[in-house]
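Inside the fold
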Amino acid sequence: MTRKLCLLACLLPALAAAGPVSAQERTDPYWLAPAQEELASRLYPGFAGLLQTPGLARVKCWVEADGHPYLCDVVHESPRGLGFGSAARVIVASAQVGLGRVDGRPAPTSVETNIRFRVPDVERGWDGPEPTGVQLSLAREIVESMPDWSPRDRMEAMMDGLDFDRRAVVGPWIDELLPMDRETDLRIAALQMARLYSEAELRRVLAGERVDDRSPEALAAACPELTPGEELAMEELRRRYCGRYGCEVIGPDSVPG
């Protein structure tokens, strides 16, 4: 199940030159187009979002004539192992840098930037009309016809971004605290779909016709709220994970050399 979260990343850029260049006239590189905030939000690692854990990554990239960062390396990541570094590399690659100049010529360089991931307040819940029995029946028929439906798919989504060597530890915790089965997943998906689409639209889907997609915000709002028991399970999952691996965000300047 998905927490009601809208996960944003705040970008804190800081440029650093690749090294000293001997020249009489020189200008510094600058951000021509910043990293896309919408992309940053969509790439927030799933397991970190599940735990409501913020993060920080510092990325260093090479920039040549076209101004697009590439060959990006993660210089610092905190907390480690949750996928913030990998997400930050993609985010920074969406930016464009205006190259500095040496004696009037563009000078390839490296840039470094901090990407800070913040977990905002919980999103609003569903405030629309609840679906009718007919809508629920039609939606259930649709989700049952979806190919390759498996509880393991949801497990993978829940552990998105998590280091593979930690999945062997975390997977059994999720199985224990948030047991998943096909029936539960189908019921949740059917309710979400029935909330979002009218009876006429659901009949069109069953007939093989296309209907308008709903926004990510609408999809999140239509997802059923966690039960009190599931909330407690989420807190226990966070307690176990953070107790074993740590969830504190440490800045790159705070780490001893």
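Residues numbered from 1 in each chain as written. Predicted model: local features only at pLDDT ≥ 70, side-chain atom pairs only at ≥ 80, totals over all residues. Heavy atoms only, no water.

A word on the overall build of the chain
- Looking only at helices and strands, the chain features 10 helices and eight strands.
- When contacts within the chain are restricted to residue pairs at least 6 apart in sequence, long-range pairs at least 24 apart make up 79% of them.
- In the structure as shown, the chain presents an accessible area of about 14,200 Å², 51% of it carried by carbon and sulfur atoms. (Helix = DSSP H or I, 4+ residues; strand = E, 2+ residues; numbered from the N terminus. Contact = heavy atoms within 4.5 Å. Areas by Shrake-Rupley, 256 points an atom, 1.4 Å probe, with all protein chains shown as cover.)

Examining the pattern of salt bridges
- Under the criterion given, the structure shown has 12 salt bridges.
- Measuring nitrogen to oxygen at the nearest pair gives 2.7 Å for the salt bridge that ties E112 to R58. One end of the pair, E112, is in strand β8 (residues 109-118); the other, R58, is in strand β3 (residues 55-63), with 54 residues separating them in the sequence. Of the two residues, E112 and R58, neither departs from the other in class, the shared state being buried.
- As a salt-bridge pair, R239 and E236 come within 2.6 Å of each other at their nearest N and O atoms. Of this pair, R239 and E236 both sit in helix α10 (residues 228-245), three residues apart, roughly one helical turn.
- Through salt bridges with shared partners, one network takes in E176, E236, R239 and R240. (Salt bridge = Lys/Arg side-chain N within 4 Å of Asp/Glu carboxyl O. Buried < 20%, exposed > 50% of the residue type's maximum accessible area, 1.4 Å probe, protein only.)

Focus on helix α7 (residues 182-196)
- The first and last C-alpha atoms of α7 sit 21 Å apart over 15 residues, in line with the 21 Å expected at 1.5 Å per residue.
- Burial in α7 covers these residues: T184, D185, L186, I188, A189, A190, M193, A194, R195 and L196. (Expected span 1.5 Å × (residues − 1).)

Focus on the packing of aromatic side chains
- Counted by the stated rule, this structure contains five aromatic pairs.
- With a centroid separation of 4.9 Å and 40° between ring planes, the pair formed by Y241 and Y245 is classed as tilted. Taken together, the residues Y241 and Y245, both in helix α10 and four residues apart, mark about one turn of the helix.
- Over the ring of F164 we find R167; its NZ or CZ atom is 4.4 Å from the centre of that ring. (Phe/Tyr/Trp six-rings, centres within 6.5 Å; stacked < 30°, edge-to-face > 60°. Lys NZ or Arg CZ within 6 Å of the ring centre and 35° of its normal.)

Some points on the confidence of the model for the chain
- On average, residues of the chain carry a pLDDT of 82, and 84% of them reach 70 or more.
- Mean pLDDT in the chain bottoms out at strand β1 (residues 8-14), which sits at 32, and peaks at α10, which reaches 96.
- Taken together, the stretch residues 1-24 has pLDDT below 50 and engages in 89 contacts with residues farther than four places along the chain or on a different chain. (pLDDT = per-residue confidence, 0-100.)

Examining the nonpolar core
- Core analysis: the biggest nonpolar cluster contains 41 residues, and F47, F117, V170, I174, L237 and Y241 have the highest contact counts within it.
- Elements supplying a minimum of two residues to this core: α2 (46-51), β3, α3 (84-93), β8, α5 (151-158), α6 (164-177) and α10.
- Formed by 14 residues, the second largest nonpolar core is a distinct cluster that contains A139, L186, A189 and A190. (Core = buried A, V, L, I, M, F, W, Y, C linked by side-chain atoms within 4.5 Å.)

Notes on the side chain of T53
- Take T53: it is sitting in the loop between α2 and β3.
- In this structure the side chain of T53 is engaged in a polar contact, spanning 2.8 Å, whose partner is the side chain of R238.
- Once residues within four sequence positions are removed from consideration, T53 is found in contact with Y44, A48, P79, L82, F84, V119, R238 and C247. (Polar contact = N/O pair within 3.5 Å; in protein donor to acceptor, adjacent residues only side chain to side chain.)

Here we look at helix α4 (residues 133-144)
- Spanning 12 residues, α4 covers 16 Å between terminal C-alpha atoms, matching the ideal 16 Å at 1.5 Å per step.
- The complete set of buried residues in α4 reads Q135, L138, A139, I142 and V143. For α4, the arc enclosing every buried residue in end-on projection is 135°, short of the 170-degree limit, so these residues lie on one face. (Arc of directions from axis to C-beta.)

Quick notes on the packing of α6 against α10
- At a minimum axis separation of 10 Å, α6 and α10 run at an interaxial angle of 160°. By the angle class used here, α6 and α10 are roughly antiparallel. Regarding α6 and α10, the two cross each other, and that crossing is right-handed. For the pair α6 and α10, the contacting residues are R166, V169, V170, W173, I174, E176 and L177 in the first and A233, E236, L237, R240, Y241, R244 and Y245 in the second. (Axes fitted to C-alpha atoms, helices over the stretch in contact; angles between N-to-C directions. Parallel < 35°, antiparallel > 145°, perpendicular 65-115°, else oblique. Left-handed = near helix turned anticlockwise from the far one by under 90°.)

Focus on the environment of A95
- In this structure, A95 sits in the loop between α3 and β5 (96-98).
- A residue is classified by how much of its surface remains accessible, and A95, at 1% relative accessible area, is buried.

Details of unusual backbone geometry
- The omega angle of the peptide bond from S78 to P79 is -10°, so this bond is cis rather than trans.
- Counting through the fold element by element, P79 comes out in the loop between β4 (70-78) and α3.
- Although it is not a glycine, Q52 sits at a positive phi angle of roughly 55°.
- Within the secondary structure layout, Q52 lies in the loop between α2 and β3.
- Taking the relative accessible area as the measure of exposure, Q52 reaches 28% and is therefore partly exposed.
- Of note in this structure, L71 is not a glycine but carries a positive phi near 50°.
- Overall, the relative accessible area of 62% leaves L71 in the exposed class.

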